[in-house]
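What the coordinates show
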Amino acid sequence: MVASSELSAPKRSRPIRAIIVLFGGMLALLLAIGLSISFGAADIQLATVWTAVFSFNPDVTAHQIIREIRLPRVLGAAMVGACFAVAGALMQGMTRNPLADSGLLGINAGAAFMLAICFALWPSLPYLYVILFSFLGAGLGAGIVYGVGSMSRGGLTPMRLVLAGAAVSALLGALSEGVALYFRIGQDLAFWYAGGVSGTKWIHLQVMSPWLLAAMIGAVILSRSITLLSLGEEVSIGLGQRTKTIKVVGMVIVLILAGAAVSVVGAVGFVGLVVPHLTRFLVGHDYRWIIPCSIVLGSLLVVLADLGARMINPPYETPIGALIALIGVPFFLYLARKGGKEI
Amino acid sequence: MKLSMTQAQRKVRTKNLWVLTSLVILIVIVFMISMNTGYIKLSPLEVVRTLFGLGTAQQALVLFDFRLPRIVLSILVGMGLAVSGCVLQGVTRNALADPGILGINAGAGLVVMLFISFFPSTTDTPVFMLPILAFTGAGATAAIIYVLSYKRHEGISPIRLLLTGIAVAAGISSATIILTLRLSPENYQFVATWLAGSIWGSNWKFVLSLLPWLIVLLLFVYLKANVLNVLNLGDLTAIGLGASIEKERRILLAAAVGLAGASVSVSGGIGFVGLVGPHLARQLVGARHQVLIPTAALTGALLVLVADTIGRWILQPSEIPAGIVVAIIGAPYFLYLLSRLQD
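With 44 residues of chain A at the interface, the matching set in chain B holds 48 residues. Between chain A and chain B, a total of about 3,800 Å² is buried, with carbon and sulfur atoms accounting for 74% of that surface. On inspection of chain A and its partner chain B, the count reaches zero salt bridges. Secondary structure elements with two or more residues in the side of chain A that touches chain B: helix H6 (127-151), helix H7 (158-182), helix H8 (189-193) and helix H14 (320-337) of chain A. The element contributing the most residues to the side of chain A that touches chain B is H7(A), with 16 residues. The residue makeup of the side of chain A that touches chain B, split by class, is 31 nonpolar, six polar and seven charged.

This is the structure:
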């Protein structure tokens, strides 16, 4: 960030590289999904995976396993990854905060907290409504963190927001655990501690899909304005952008994405931190490319993490959030060391 | 003039004495309540009678073998963590320092978990090893955090130190989950409750293994109170007053790390005690470490004792880990302090 030539180089968008990343990523994602479906307690050939998807036969046990357990799980992982990654990309672009991530800023913890309350008070509530609670909780978490951040004497600096996010996450996490213990709903502790996609069912995917589709389309539509916002609020206003509206719409999309993802996987962090940075490094600073590429790479990351979570120590599953944190933490430390200023 | 000074001093001394006495009385009251909290009900009179050896065999068993060691441990752990936080705040001159937030507890926890994985707590464990092992884990973590947050020319900024600590704590917790799940899946539940901060070593041998460390380290820190006072005035003043600050700082840091490590080796990873305890104490008696350290020890003990009692009382016969209760009190306090912190 010294010479102006160095400054302009990474700001360029790189359409060709973006297209390569997009298609390469999709190819890798398909491969990872295939592998993930075939790997498990009962090993299934890739060919069987193919026939189970494209010519399903209910009499074959392997087909049943794939249809009822493995397919929803891997699709859930892919969706969750896309959600977290796009949410992170939007937040980083809108607030110019390189440390923005729905996990780090307390949004995931908020969603998980409302889920705990929801499971405790209305255990038989259909998922259709449960997801709404998750959105509400995401808003609660974000509200508290930004509230505390803006009340601070030092203002809304990226580092201060992350500290507030950590404290809010600790508080809401403790409350969720308390509620889970009190109402004895904490059978699957991993969900509260480190997340897992093992419980994904078709109904989750069905309910999530329309929300996600709408949110993703919204994100893509917003992407041009986000690019301008990421150059600075003044620049954006000067170019005739209605920054307030964009920020509000962007935030709503973030809350929907993070809320939906948490309702399936639990409060998993760092996906939204790592993927957008990686994408920006690969395809440049144009959010019209960053957002689609984040969708693909985010899905890929979580599908691979889920695969890894099952491969490390079979038949036990390693919590997926713990695995992702092992990648995310060093990355975060690197970003924090740079001072949290550059994006 | 001189006379009024001594009068004022005497007034302060009486006030401090009052504060300390009230804290002790409060601890005794909570102690009695806590003795009475649990599945088997005992009236305060029965508690007193049993303490003096006049109760039935069953009452004696409940009190001496189950409740008393746990209560004593809560008090000791609270003291250790609060004084550790007090020293950390004094040495780093960072109002938000706390062994839990800075990741020192997590480092100790990782080593303790590995130890428990190899020597399950059901067998005859060499318990006295725990504080030493925890100290090495905590010390290594503290060193890592110090190196990672140190920047040439800038030194260590309070906020970067905290961010690094939080991230390292997240990473170590994840590593702990993954490692223990791999080494001994049946211990996963234990790790989960450890992370939530339960007083787990409720047994006299844990009390005995912790006690010598606490006595030595608490006394040592108390004798260094004047050094802490001088360090608090700032580096230049401290040098001017003839303190060899780097050496003193390192020794005191080691003592703080030792206190935190030893404490969490027999309890869970309880955060925020080292933050709330000293701050409350400072409100009560001011910043002179000769009074501050004992007061912080008492407030910390009271805090953990109250948290553990609430956790056991609210959800009989099962319990909510003390760490969760403390986090619900401590996290908002952290947010409050954060909003007042200046860069």
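The next point concerns helix H14 (residues 322-340) of chain B. Residue and element names in this part refer to chain B. A rise of 1.5 Å per residue sets the reference length of H14, with its 19 residues, at 27 Å; its end C-alpha atoms lie 27 Å apart and thus fit the reference within 8%. The principal kink in H14, of about 30 degrees, is found at Ile328, preceding the proline Pro332 by one to four residues. Counting buried positions over the 19 residues of H14 gives 14, a clear majority of the element.

For the rest of this paragraph, the subject is the confidence of the model for chain A. All names here are of chain A. Overall, the predicted model of chain A reaches an average pLDDT of 83, with 91% of residues at or above 70. Taking the mean pLDDT of every element in chain A, the minimum, 43, falls on helix H1 (residues 4-11) and the maximum, 91, on helix H13 (residues 287-311). Confidence drops under a pLDDT of 50 for residues 1-10, and excluding neighbours within four residues, the segment shows six contacts in the predicted structure.

This brings us to the packing of aromatic side chains. Across all of its chains, the model carries six aromatic pairs over all chains by this definition. Taking 5.5 Å as the distance between ring centres and 40 degrees as the angle between the ring planes, the aromatic pair formed by A:Trp122 and A:Phe133 counts as tilted. Here the residue A:Trp122 occupies a position in the loop between helix H5 (107-121) and H6, and A:Phe133 occupies one in helix H6, the gap between them amounting to 11 residues. Given a relative accessible area of 42%, A:Trp122 falls into the partly exposed group. On the basis of an interplanar angle of 20 degrees and a centroid distance of 6.1 Å, the ring pair of B:Tyr146 and B:Tyr150 is categorised as stacked. A relative accessible area of 39% places B:Tyr146 in the partly exposed class.

Residue and element names in this part refer to chain A. By secondary structure assignment, the location of Gly259 is in helix H11 (residues 243-265). Relative accessible area serves as the criterion here: at 0%, Gly259 is assigned to the buried category. Residues Gly259 and Phe84, spaced 175 residues apart in sequence, show a C-alpha to C-alpha distance of 9.4 Å. Dropping the residues within four chain positions of it, Gly259 is found in contact with Ala111, Ser134, Phe135 and Ala138.

Looking now at the pattern of salt bridges. Scanning the entire structure with this criterion turns up six salt bridges over all chains. The salt bridge involving A:Arg310 is made with A:Asp306; its shortest N-O contact spans 3.8 Å. With A:Arg310 and A:Asp306 both in helix H13 and four residues apart, this pair spans about one turn of that helix. The exposure class of A:Asp306 is buried, given its relative accessible area of 2%. For B:Arg70, the salt bridge is made with B:Asp308, and the minimal N-O distance between the two is 2.7 Å. Placement of B:Arg70 in helix H3 (residues 57-92) and of B:Asp308 in helix H13 (residues 289-313) is noted, with a sequence separation of 238 residues between them. One connected set of salt bridges, linked through shared partners, spans A:Arg73, A:Asp306 and A:Arg310.

Residue and element names in this part refer to chain A. Two elements in contact, helix H4 (residues 61-95) and H11, have axes whose closest approach is 8 Å; the angle formed by their N-to-C orientations is 150 degrees. One way to sum up the angle between H4 and H11 is to call them roughly antiparallel. Taken as a pair, H4 and H11 cross one another with a handedness that is left-handed. Residues Val80, Cys83, Phe84, Val86, Ala87, Leu90, Met91 and Met94 of H4 pack against Ile246, Lys247, Gly250, Met251, Ile253, Val254, Leu257, Ala258, Ala261, Val262, Val264 and Val265 of H11. Here the contact of H4 with H11 is composed, by residue class, of 18 nonpolar, one polar and one charged.

Residues and elements named next belong to chain B. As for its placement among the helices and strands, Thr176 is situated in helix H6 (residues 158-183). When its relative accessible area of 3% is taken as the criterion, Thr176 is described as buried. The contacts of Thr176, once residues within four sequence positions are left out, are Leu110, Met113 and Val191.

Residues and elements named next belong to chain B. When you line up the elements, Thr14 lands in helix H1 (residues 2-35). Residue class for Thr14 comes out partly exposed when judged on its relative accessible area of 40%. Here the side chain of Thr14 touches Arg10 through a polar contact of 2.5 Å, landing on its backbone oxygen.

One can find B:Gln7 in helix H1. For the pair B:Gln7 and B:Leu280, spaced 273 residues apart in the sequence, the C-alpha separation amounts to 26 Å.

The next subject is the nonpolar core. A:Leu257, A:Phe332, B:Leu163 and B:Phe334 are the most contacted members of the largest nonpolar core, which has 221 residues in total. Per element, the largest residue contribution to this core is 17 residues, and it comes from H4(A). Excluding residues that lie within four positions of it along the chain, B:Phe334 makes contacts with A:Leu163, A:Ala167, B:Leu96, B:Ile101, B:Phe272 and B:Leu275.

Attention now goes to the packing of H6(B) against helix H7 (residues 188-196) of chain B. Residue and element names in this part refer to chain B. Where H6 contacts H7, the two axes come as close as 9 Å, and the packing angle between them is 160 degrees. By the angle between their axes, H6 is roughly antiparallel relative to H7. When you trace H6 past H7, the crossing you get is right-handed. For the pair H6 and H7, the contacting residues are Ser173, Thr176, Ile177, Thr180 and Leu181 in the first and Tyr188, Val191 and Leu195 in the second.

Before going further, it helps to spend a moment on a nonpolar patch on the surface. Residues A:Leu121, A:Trp122, A:Tyr182, A:Phe183, B:Ile310, B:Trp313 and B:Ile314 make up a contiguous nonpolar surface patch of about 700 Å² in total accessible area. Note on placement: B:Ile314 falls in the loop between H13 and H14.

Definitions and limits used
- Residues numbered from 1 in each chain as written.
- Chains lettered and ligands numbered in written order.
- Predicted model: local features only at pLDDT ≥ 70, side-chain atom pairs only at ≥ 80, totals over all residues.
- Heavy atoms only, no water.
- Contact = heavy atoms within 4.5 Å.
- Buried area = accessible area lost by both parts, 1.4 Å probe.
- Salt bridge = Lys/Arg side-chain N within 4 Å of Asp/Glu carboxyl O.
- Helix = DSSP H or I, 4+ residues; strand = E, 2+ residues; numbered from the N terminus.
- Nonpolar A, V, L, I, M, F, W, Y, C, P; charged D, E, K, R; others polar.
- Expected span 1.5 Å × (residues − 1).
- Bend = angle between axes of the 7 residues up to and from the residue.
- Buried < 20%, exposed > 50% of the residue type's maximum accessible area, 1.4 Å probe, protein only.
- pLDDT = per-residue confidence, 0-100.
- Phe/Tyr/Trp six-rings, centres within 6.5 Å; stacked < 30°, edge-to-face > 60°.
- Axes fitted to C-alpha atoms, helices over the stretch in contact; angles between N-to-C directions.
- Parallel < 35°, antiparallel > 145°, perpendicular 65-115°, else oblique.
- Left-handed = near helix turned anticlockwise from the far one by under 90°.
- Polar contact = N/O pair within 3.5 Å; in protein donor to acceptor, adjacent residues only side chain to side chain.
- Core = buried A, V, L, I, M, F, W, Y, C linked by side-chain atoms within 4.5 Å.
- Patch = residues over 30% accessible without salt bridge, like charges linked within 9 Å, V, L, I, M, F, W, Y side chains within 5 Å.
- Areas by Shrake-Rupley, 256 points an atom, 1.4 Å probe, with all protein chains shown as cover.

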